[in-house]
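# Residue-level structural notes
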Amino acid sequence: MTRWLGGGVSIVLMMGAGSVAAESIEHLEISHDNGRYQIALRARLNSPAADSFRVFSDFANLPQINNAIEEVEVLSGAAAGSIRLRTRIRVCVSFFCRHLQQVQDIHPLSAGDTAGLEATVLPAYSNLRFGHAVWMMDACGEQTCLRFNAELEPDFWVPPLIGPWAIDRAMRREAVQTSQGIERLAQQRAVPK
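Residues numbered from 1 in each chain as written. Predicted model: local features only at pLDDT ≥ 70, side-chain atom pairs only at ≥ 80, totals over all residues. Heavy atoms only, no water.

A few words on the overall build of the protein. The secondary structure content of the protein amounts to 3 helices and 9 strands. Counting from the amino terminus, helix and strand elements in the protein follow one another as β-β-β-α-α-β-β-β-β-β-β-α. Looking at the protein as a whole, 50% of its 193 residues qualify as buried. Looking at the protein as shown, the accessible area adds up to about 9,000 Å², and 53% of this sits on carbon and sulfur atoms. (Helix = DSSP H or I, 4+ residues; strand = E, 2+ residues; numbered from the N terminus. Buried < 20%, exposed > 50% of the residue type's maximum accessible area, 1.4 Å probe, protein only. Areas by Shrake-Rupley, 256 points an atom, 1.4 Å probe, with all protein chains shown as cover.)

Written out as structure tokens, the structure reads:
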């Protein structure tokens, strides 16, 4: 959301087949401090912003956008104007795999022609102590300018020497795969002009 944030924050990190070229990732930075991980991504997708946002905000598409997302379920209990989403995500680092469950409240954001989603993890129902993500999509000509920022804190032990490196690699892979998946699905489902 990414697979760390499936759905909103899975939407915190989802993630590779696809047509996004390496040069379309304009910025990708991952950092960690005191057990919390931050990610900032800027990418250009080869699909119109309206199509990209349409496929991304239809949560049934999440497993097609990122195959790490195994289950998606809309739950009751979200505040008016928001959606509560449960995702089950399979995250693998090397030969070690783990299933993560995340429940998050997601609400739409908009500013002019910019469309986005903000996701907040509910720790009591998730494998994260903390999770917050924001996805924004703008039209850049015929392309989509995608911005993604997230912060999360796992609710499980991360080995201090190799853990941050492994999480960094997994988050990078998932961010790129998610960008590719949004672009691929938006191209496949583009609305004819």
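What follows deals with the environment of L45. In this structure, L45 sits in strand β3 (residues 36-45). For L45 and T144, which are 99 residues apart along the polypeptide, the C-alpha to C-alpha distance reads 5.0 Å.

Before going further, it helps to examine the nonpolar core. Nonpolar side chains in soluble globular proteins tend to end up buried together. The biggest cluster of nonpolar side chains holds 40 residues, and the ones touching the most others in it are I39, L41, F56 and I182. Top element by residues in this core is helix α3 (residues 163-188). It accounts for 6 residues. (Core = buried A, V, L, I, M, F, W, Y, C linked by side-chain atoms within 4.5 Å.)

Although it is not a glycine, N34 adopts a positive phi angle of roughly 50°. Tracing the chain through its elements places N34 in the loop between β2 (25-33) and β3. The exposure class assigned to N34 is exposed, which follows from its relative accessible area of 71%.

Before going further, it helps to spend a moment on the state of the cysteines. All chains considered together, the criterion is met by 1 disulfide. The disulfide that involves C140 links it to C145, with 1.7 Å between the sulfurs. Across the disulfide from C140 to C145, rotation about the S-S bond amounts to roughly -125°, and the bridge is consequently left-handed. The pair formed by C140 and C145 is uniform in burial state, with each residue classed as buried. (Disulfide = S-S within 2.5 Å.)

What follows is about the pairing of β3. Two elements, β2 and β3, share 8 bridges in a ladder whose sense is antiparallel. When the bridges of β3 are listed, E29 appears paired with A40. Counting the residues that bridge the hairpin from β2 to β3 gives 2 residues, and of these N34 lies at a positive phi of roughly 50°. Two elements, β3 and strand β9 (residues 143-154), share 9 bridges in a ladder whose sense is antiparallel. Across the sheet, Y37 pairs through a bridge with L152, a residue of β9. (Pairing = 2+ DSSP bridges.)

Once that is clear, we can look at the confidence of the model for the protein. When the pLDDT values of the protein are averaged, the result is 81; 80% of them are 70 or greater. Across the protein, the secondary-structure element scoring lowest on mean pLDDT is strand β1 (residues 6-12), at 39, and the one scoring highest is strand β7 (residues 114-121), at 95. Here residues 1-23 is modelled with pLDDT under 50, and outside its nearest four sequence neighbours on either side it reaches 149 contacts, counting other chains as well. (pLDDT = per-residue confidence, 0-100. Contact = heavy atoms within 4.5 Å.)

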